[in-house]
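Residue strings, one per chain:
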Amino acid sequence: MENTKDLTEHSSRSKRKRRDSFGMFDGYDSCSEDTSSSSSSEESEEEVAPLPSNLPIIKNNGQVYTYPDGKSGMATCEMCGMVGVRDAFYSKTKRFCSVSCSRSYSSNSKKASILARLQGKPPTKKAKVLQKQPLVAKLAAYAQYQATLQNQAKTKAAVSMEGFSWGNYINSNSFIAAPVTCFKHAPMGTCWGDISENVRVEVPNTDCSLPTKVFWIAGIVKLAGYNALLRYEGFENDSGLDFWCNICSSDIHPVGWCAASGKPLVPPRTIQHKYTNWKAFLVKRLTGAKTLPPDFSQKVSESMQYPFKPCMRVEVVDKRHLCRTRVAVVESVIGGRLRLVYEESEDRTDDFWCHMHSPLIHHIGWSRSIGHRFKRSDITKKQDGHFDTPPHLFAKVKEVDQSGEWFKEGMKLEAIDPLNLSTICVATIRKVLADGFLMIGIDGSEAADGSDWFCYHATSPSIFPVGFCEINMIELTPPRGYTKLPFKWFDYLRETGSIAAPVKLFNKDVPNHGFRVGMKLEAVDLMEPRLICVATVTRIIHRLLRIHFDGWEEEYDQWVDCESPDLYPVGWCQLTGYQLQPPASQSSRESQSGSSKQKKKAKSQQYKGHKKMTTLQLKEELIDGEDYNFLQGASDQESNGSANFYIKQEP
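Treat the numbers as computed from the prediction; the structure is a model and nothing was measured.

Analysis parameters
Residues numbered from 1 in each chain as written. Predicted model: local features only at pLDDT ≥ 70, side-chain atom pairs only at ≥ 80, totals over all residues. Heavy atoms only, no water. Helix = DSSP H or I, 4+ residues; strand = E, 2+ residues; numbered from the N terminus. Buried < 20%, exposed > 50% of the residue type's maximum accessible area, 1.4 Å probe, protein only. Contact = heavy atoms within 4.5 Å. Areas by Shrake-Rupley, 256 points an atom, 1.4 Å probe, with all protein chains shown as cover. pLDDT = per-residue confidence, 0-100. Polar contact = N/O pair within 3.5 Å; in protein donor to acceptor, adjacent residues only side chain to side chain. Phe/Tyr/Trp six-rings, centres within 6.5 Å; stacked < 30°, edge-to-face > 60°. Lys NZ or Arg CZ within 6 Å of the ring centre and 35° of its normal.

## Some thoughts on the overall build of the protein chain
Point 1. When helices and strands are tallied, the protein chain shows 16 helices and 32 strands.
Point 2. Looking at the protein chain as a whole, 51% of its 651 residues qualify as buried.
Point 3. Pairs at least 24 residues apart make up 66% of the contacts formed inside the protein chain by residues separated by at least 6 positions.
Point 4. Counting only carbon and sulfur atoms, one obtains 51% of the accessible surface of the protein chain, whose full area is about 31300 Å².

Structure representation (structure tokens):
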């Protein structure tokens, strides 16, 4: 595949060679601590037997490298460690980068001093004096490099979660995580490729006593979203030093990166003496294996660039009155998630969280263009530095043809209640807006003035034809106060004199999303959208997912579309620096005597409370808020479509 590198590819251009395709230092093959320190430089060059000419070639980053034969390719200065083109090096043997290094090495010709430094041994007194300047320079450069990496990673710093680790959670329970390819809106979601088990990478070697940072090759044992369980090469079936890491972190590299960057590959100390020739071992192990594409880190960086910026103005749903929108300003952007502050909020605490691809946000002027209710801001002009978000940055909705058979006011359907996302309810189309948008109300719990209606697009995966729940064995929530139970659509339509919205008008597209029941993921609690929690897919109905928040009761589950931007792979919070809410344990729930539970319930009751608000209170609030209703010219042609497609006919 394009996204992986075949390590067996051959090339006839054998003259383009490198000192070591794995970045291993010459003379450090065995990593044995009893390497002779008295061998001459000529003897040192002969310590490694020449590899056969038919050795598989490692292709990396568009260039073909072979193992060093002492005559061509790249070279490493045996005095200062600088890597460069062999032809540009000094002396007949091309062992030094300059005359100065050659002379210094001649006065101290023990190559063991270099090896000793790599192995953590103190060099000879003479060597210490001669190598002082080059070593200090290298350490300073290395420190600067590390500082640069840390600065670059500040915005991606992992957020610690006391007592919770995705790796331990998955390992101890044998869980399976949803693959990154299920989340097209997440970083690398569309270019993850076939990264899978057995892919090899170069990672820091933590089982090492050397004073500098060194690397070794590891293979993926298990994948869980962005997280991978890695095992160092050479450990075979020994899982003693297995470790979890985020594949998208700056410490993970494709095989060949060390060779290209001049970084040393050093076997872990635990297995250091297991093989006498580590080069031959790596050649054998990596033949036919796959690694990350050479531009993987670049793709990660590019996929984490977001077009929304602070100070951009948008129209967003009013979290207190879903029937209208308000102007808000982008306060911050984390992993594509926006913290929006309503424009009138003086202390900037009245905020709302959503993803930049959320259907709840729109460009300035959207409400007026489709006839949606809008709360005019008390601020008469834009504040300094604030500017309207370009319309093309918002998620596009599918174009629809409203000129023919279309949704009409009064038609019945089934819809996910946005104020109680665990339920699918009996609902009614209350108003038809332009561009395919509909205002919908939940039967039995509507305010007389429509202040609790909510807006869904006609192609929304959150609305369904009459009979959807019955066919798919989902509990349908009947209208509040409806006593004729069990609820039957046929009777209800007859009693209310209503018709069902034609089935053919609903979105029937079901993508090959890849989700399976039991998969783990990170999901937004849409009842409190600033929170992202450990979650599980418990049901799949076509494109509809039932999301359960681990540790909480089923009554807090939420129905979510498979392409919702509020679902993320395992490891997303760590990658972006967002705080992840760990599962609520049984012991903690019991010890808190329901305090957390009460908090959750209070949250739900708060939303339900809006439904119970009296008409007088709502009208007073709307007058105070200067609520505006823009008109639009959608036609009201009669529908001739069948209303009984999903209805169970009874005698």
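## Side note on the confidence of the model for the protein chain
Point 1. Here the protein chain shows a mean pLDDT of 76. Residues at 70 or above account for 65%.
Point 2. This model gives residues 8-72 a pLDDT under 50, and the stretch forms 149 contacts once residues within four places in sequence are excluded.
Point 3. Low pLDDT (under 50) marks residues 109-146, which in the prediction has 58 contacts with non-local residues, meaning those over four places away or in another chain.

## Thoughts on unusual backbone geometry
Point 1. Look at the link from Leu485 to Pro486: it is a cis peptide, with omega at 0°.
Point 2. One can find Pro486 in the loop between β25 (476-477) and α12 (489-496).
Point 3. In this structure, Cys311 is a non-glycine residue whose phi angle is positive, near 85°.
Point 4. With respect to the element layout, Cys311 can be found in the loop between α9 (296-303) and β13 (312-318).
Point 5. Of note, Arg348 is a non-glycine position whose phi angle comes to about 60°, a positive value.
Point 6. Considering the arrangement of structural elements, one finds Arg348 in the loop between β15 (337-342) and β16 (351-355).

## Points about the side chain of Arg543
Point 1. Tracing the chain through its elements places Arg543 in the loop between β27 (532-541) and β28 (544-549).
Point 2. Given a relative accessible area of 11%, Arg543 falls into the buried group.
Point 3. In terms of polar contacts, Arg543 uses its side chain to reach the backbone carbonyl oxygen of Asp509, at 2.9 Å.
Point 4. The residues contacting Arg543, other than those within four sequence positions of it, are Pro461, Asn507, Asp509, Val510, Pro511, His513, Val560, Asp561, Cys562 and Glu563.

## A few points about the packing of aromatic side chains
Point 1. One pass over the structure, following the stated rule, counts 29 aromatic pairs.
Point 2. Measuring from centroid to centroid gives 5.3 Å for Trp216 and Trp278, while their planes differ by 90°, and the two rings are edge-to-face. Here Trp278 lies in helix α8 (residues 278-286) and Trp216 lies in strand β8 (residues 215-224), a separation of 62 residues in the sequence. Comparing Trp216 with Trp278, the two get one shared label, buried.
Point 3. Taken together, a centroid distance of 6.1 Å and an interplanar angle of 90° make the contact between Trp552 and Tyr556 edge-to-face.
Point 4. Residue classification places Tyr556 among the buried positions, given a relative accessible area of 7%.
Point 5. Among the aromatic residues, ring-to-ring pairing joins Phe164, Trp166, Tyr169 and Phe175 into one connected group.
Point 6. In this arrangement the basic side chain of Arg326 is found over the ring face of Tyr342, its NZ or CZ atom lying 4.0 Å from the centre.
Point 7. Above the plane of the ring of Phe175 lies Lys520, whose end atom (NZ or CZ) is 4.0 Å from the centre.

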